[in-house]
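A structural walkthrough
Here are the chains, one letter per residue:
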Amino acid sequence: MASYTLQIENMTCGGCVSRVEAALDKAPTTTDAHVNFANKTARIETGDLPQVLTTLEAAGYPAHQTVTDLTIDGMHCGSCVGKIERALLASPQVVAAQVNLATETARVTHVEGVDLAAIIREAGYQAQPATAEVADKTDEVEAARKRMILAVALTAPVFVLEMGAHIFPPVHMAIEQTIGMQASWVIQFILTTLVLIWPGREFARLGWPALLRFAPDMNTLVALGTLAAWGYSSVTTFAPTLLPADSRAVYFDAAAVIVTLILLGRWMEARAKGKAGAAITALAGLQPRTARVEVDGTVQERDISTIRVDDLIHIRPGERIAVDGIVTSGSSHVDESMISGEPMPVDKVSGDTVTGGTVNGTGTLVVRANRVGSDTVLAGIMRMVADAQAARLPIEALVNRITLWFVPVVMVIAAATVALWLIFGPSIAHALVAGVAVLIIACPCAMGLATPVSIMVGTGRAAELGVLFRQGDALQSLQSVEIVAFDKTGTLTQGRPELTDFESAAGWNRDDVLPLIASVEAGSEHPLARAILRAAEPAGPATDFRALKGLGAEAQVDGKQVLVGADRLMRDRGIPLDWAQEVGTRIAQAGRTPIYAAIDGTLVAALGIADPIKDTARETVKNLRTDGLRVALLTGDNPLTASAVAQELGIEELHAGLMPDDKVEALRAMDAPVAFVGDGINDAPALAAATVGIALGSGTDIAMESADVVLMSGDPLGVRDALRLSKATLRNIHQNLGWAFGYNALLIPVAAGALYPLTGTLLSPALAAGAMALSSVFVVSNALRLRRIGGAQ
């Protein structure tokens, strides 16, 4: 039993106190519960805090939980992940813990009053709060390089003295005739000792305390193996009579080369992991550090962290815009490709919105800040990418459970190997070589890195292509999708009506008629009127304007009576449609809205207005069908219009006239993993209900909050990018895991001497160290191939 003080949410009156206490009384492990309405807390004693939290959640009064992100130093392999998670979860105040080896971070969900850093320190690691800044790995990589170079410099003479004497008889003779073998061994002892206590000291510093805590890790394996090789060789050098004559041999070269090769592997791994996080680094580079802020009529250079909402920011030509805001004066064109993916700059004038991180063109702008700091679009993108890179896929949980127990099992195998060769083998040296080789080759680094590095690179590449994974597990869920269902308006279409057809009567032309129609529509608030006004400038001011509800509008323009509206309006006014009847029918059958115009009682034009299909919509549908996916259209639009759009795009599965709840039911009825793509508020329920919800970045905030994946460009072609990246990342993870587990399953028996009865040779510990280092480098390098995935084709 332990005492806790919980911050209770949703308590609004004295009656809530009774309900919270009643809920706590129902929890069988809880005693002595006191609820305080004034400070909205509950003090309890319980032996099962997670059950209490579940009980409060079910009662509608959840306890406030905090999510803390930590940066962790000292992790080297998959078993480190398991140890830290196990230590954190052993604390009753910790609800959930997720540790990521690739990003060297931990995300912990907990109640108040727990010292997470102390818990992690007890486990043998150092932790500090993660910052919004991207961790600079340059110093870490440089330190690893210096350790590696020093180890190489000290190890090279040892390798030449020992292996040179074995490989080239003249070298052996030269040593005997000059300094002698005993002096050679003493030199090797000195140099190897320097390797172990200088560049290789971290293995002992971290490995032995881990062993004493009964939580051995990869450092423990290296420390045990190198100490065994160094210790045996030292006895041979300085007290040879303690060993049988046929077992007197030195393995200083093995100990030194093991450390050097592992340090080489860590340096290469650190460099590769730095590349894996390139997406976050690139995004962070888009954020200016300073901005020119107007203060009391003067413009001053200010740090971006000091900018507040409503500050006026002056942006010079070519500068990056510091924060999200609204243009108050000036005009320019802005490169928004980092947000939308569109290469063409966008014109900006007073009243337009701009996004932090985008690049101003040749004009000067004054922008009023409306979103700063962590509220900006760029900060949100960085947050989503970081969350996705730190995510844990379901497949990773199994890997971490295995690696947690892997090191102790390897130590048992190494001990059994030594014991068996002592009984049945030719010498003590033979048993030592086999045992050390098992310890060294079985490092679980590759297993621990297999999944998180692939996630890190895959989601980073996705961000570069404008695909943001808001939920990490969507990366795994998306690759199983069999159906892609699209909303229509704003997703496959532009989301606003445009003039698509115009045919005029004999003697009339577009340039004469359309401006007169635009003059009438300038007085209308109807969406179709906006489409005409986007297509033509009014001929002049209209007088005597009258809106005819449900029919159209009429007005006097340049002395002419202009009538614009539906076919019913023309019939009501006795104006025959004649030639336009066939045109209107054709427009309607194509799913567009026919409109007619008459001047002074004569029909002069038939127009078609529709929500145009996006340029890339057809290609999107074609590509998805080529990939073997079913494509469906779910829309609230009328069946005639929806059918015309579906037919034009080649979509055979159509569900039209749907309310938001109907879309959810339609998705459930598909009875297969489905990705739903939408952009509007009415799409939010379907986005949440689908196996994977994909929202367009051009859509509403509500849609994006409901989605698992966001396509920042608003281009439906991004759906294929998301699917391809998901499948490629999962395939990459399977390759890495297959390599990591297969490597250990195959080479541990070889290191133990399984081939000795057949070949008469053992695996050298130095070769084992090289193979182990290359295994981790292979996994990281394989993950980096994901950076080469191209955009939508």
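Residues numbered from 1 in each chain as written. Predicted model: local features only at pLDDT ≥ 70, side-chain atom pairs only at ≥ 80, totals over all residues. Heavy atoms only, no water.

Under the annotation held in an unreviewed UniProt entry, the protein chain carries the name Cu+-exporting ATPase and is attributed to Pontivivens marinum. Its UniProt record, at the heading Sequence similarities (unreviewed entry), says of the protein chain: "Belongs to the cation transport ATPase (P-type) (TC 3.A.3) family. Type IB subfamily." (UniProt positions renumbered as here; feature names shortened; annotations may be inferred.)

**Focus: the pattern of salt bridges**
Per the counting criterion, the structure on display carries 20 salt bridges. Among the salt bridges present, the one from Glu464 reaches Arg461, with a minimum N-O distance of 3.0 Å. Here Arg461 and Glu464 lie together in helix 16 (residues 445-464), a separation of three residues that amounts to about one turn. Relative accessible area serves as the criterion here: at 44%, Glu464 is assigned to the partly exposed category. Overall, the relative accessible area of 16% leaves Arg461 in the buried class. A salt bridge links Arg618 to Glu648, with the nearest nitrogen and oxygen atoms 2.2 Å apart. (Salt bridge = Lys/Arg side-chain N within 4 Å of Asp/Glu carboxyl O. Helix = DSSP H or I, 4+ residues; strand = E, 2+ residues; numbered from the N terminus. Buried < 20%, exposed > 50% of the residue type's maximum accessible area, 1.4 Å probe, protein only.)

**What about the nonpolar core?**
In terms of nonpolar packing, the biggest core is built from 100 residues, with Leu478, Val484, Phe486, Ile694, Val709 and Val719 touching the most fellow members. At twelve residues, helix 27 (residues 718-751) tops the list of elements feeding residues into this core. Those residues in contact with Phe486, other than ones at most four positions away along the chain, are Thr491, Leu492, Thr620, Leu624, Val631, Ala632, Leu633, Leu634, Phe676, Val677, Pro716 and Val719. (Core = buried A, V, L, I, M, F, W, Y, C linked by side-chain atoms within 4.5 Å. Contact = heavy atoms within 4.5 Å.)

**Here we look at the packing of aromatic side chains**
Tallied over the full model, the rule gives five aromatic pairs. An angle of 85° between the planes, with centres 5.0 Å apart, marks the rings of Phe189 and Phe238 as edge-to-face. Placement of Phe189 in helix 7 (residues 181-197) and of Phe238 in helix 9 (residues 218-238) is noted, with a sequence separation of 49 residues between them. With centroids separated by 4.4 Å and ring planes inclined at 35°, the aromatic side chains of Trp739 and Phe778 adopt a geometry described as tilted. On the criterion of sequence distance, the pair formed by Trp739 in helix 27 and Phe778 in helix 29 (residues 765-784) is long-range, its members being 39 residues apart. A relative accessible area of 34% means that Trp739 is categorised as partly exposed. Connected via pairs of aromatic rings, a cluster forms that spans Phe189, Trp230, Phe238 and Phe252. Taking NZ or CZ as reference, Arg510 lies 5.5 Å from the ring centre of Phe502, over its face. (Phe/Tyr/Trp six-rings, centres within 6.5 Å; stacked < 30°, edge-to-face > 60°. Lys NZ or Arg CZ within 6 Å of the ring centre and 35° of its normal.)

**So, unusual backbone geometry**
At Asp578, a residue that is not glycine, the phi angle is positive and equals roughly 50°. Of note, Asp578 is situated in the loop between helix 20 (567-572) and helix 21 (580-589).

**What about the sheet that holds strand 27 (residues 674-678)?**
Pairing between the strands of a sheet comes from backbone hydrogen bonds, and it takes one of two forms, parallel or antiparallel. Here we have seven strands laid out as an open sheet, ordered 17-29-28-27-18-25-26, and mixed in their pairing. A single partner strand is all that each edge strand has here, and the edge strands are strand 17 (467-469) and strand 26 (653-655). Between one strand and the next, the sheet's axes are offset by a mean angle of 20°, whatever the strand orientation. Two strands pair when backbone bridges link them, and strand 17 and strand 29 (residues 709-711) are joined in this way by three bridges, in the antiparallel orientation. Looking at the pairing, Phe469 lines up with Val709 of strand 29. (Pairing = 2+ DSSP bridges. Axes fitted to C-alpha atoms, helices over the stretch in contact; angles between N-to-C directions.)

**So, helix 22 (residues 617-626)**
Among all positions of helix 22, only Ala617, Thr620, Val621, Asn623 and Leu624 are buried. One side of helix 22 holds all its buried residues, which, seen down the axis, span an arc of 165°. Facing away from the buried side of helix 22, by more than 90 degrees, are the exposed residues Lys622 and Thr626. Where helix 22 is buried, its residues contact strand 18 (483-486), strand 25 (630-634), helix 23 (639-649) and helix 27. Looking one or two places after helix 22, you find Gly628, whose phi comes out positive at around 85°. (Arc of directions from axis to C-beta.)

**Quick word on the sheet that holds strand 7 (residues 126-129)**
If you trace the four strands from one edge of the open sheet to the other, you get 5-6-4-7, paired in antiparallel fashion. Two strands lie at the open edges of the sheet, namely strand 5 (94-100) and strand 7, each paired on one side alone. The sheet shows a mean angle of 30° between the axes of neighbouring strands, taken without regard to direction. Note: strand 4 (residues 66-73) against strand 7, four bridges, orientation antiparallel. Within strand 7, the residue paired with Thr71 across the bridge is Gln128.

**Digging into the UniProt feature "transmembrane region" (unreviewed entry) in the protein chain**
Per the UniProt record, "transmembrane region" (unreviewed entry) is annotated on residues 148-167, 179-200, 221-243, 249-267, 402-424, 430-451, 737-756 and 762-784. Split by type, residues 221-243 is 78% helix and 0% strand. Its first and last C-alpha atoms lie 25 Å apart. End-to-end, the C-alpha atoms of residues 249-267 are 31 Å apart, and along that stretch the chain is 84% helix and 0% strand.

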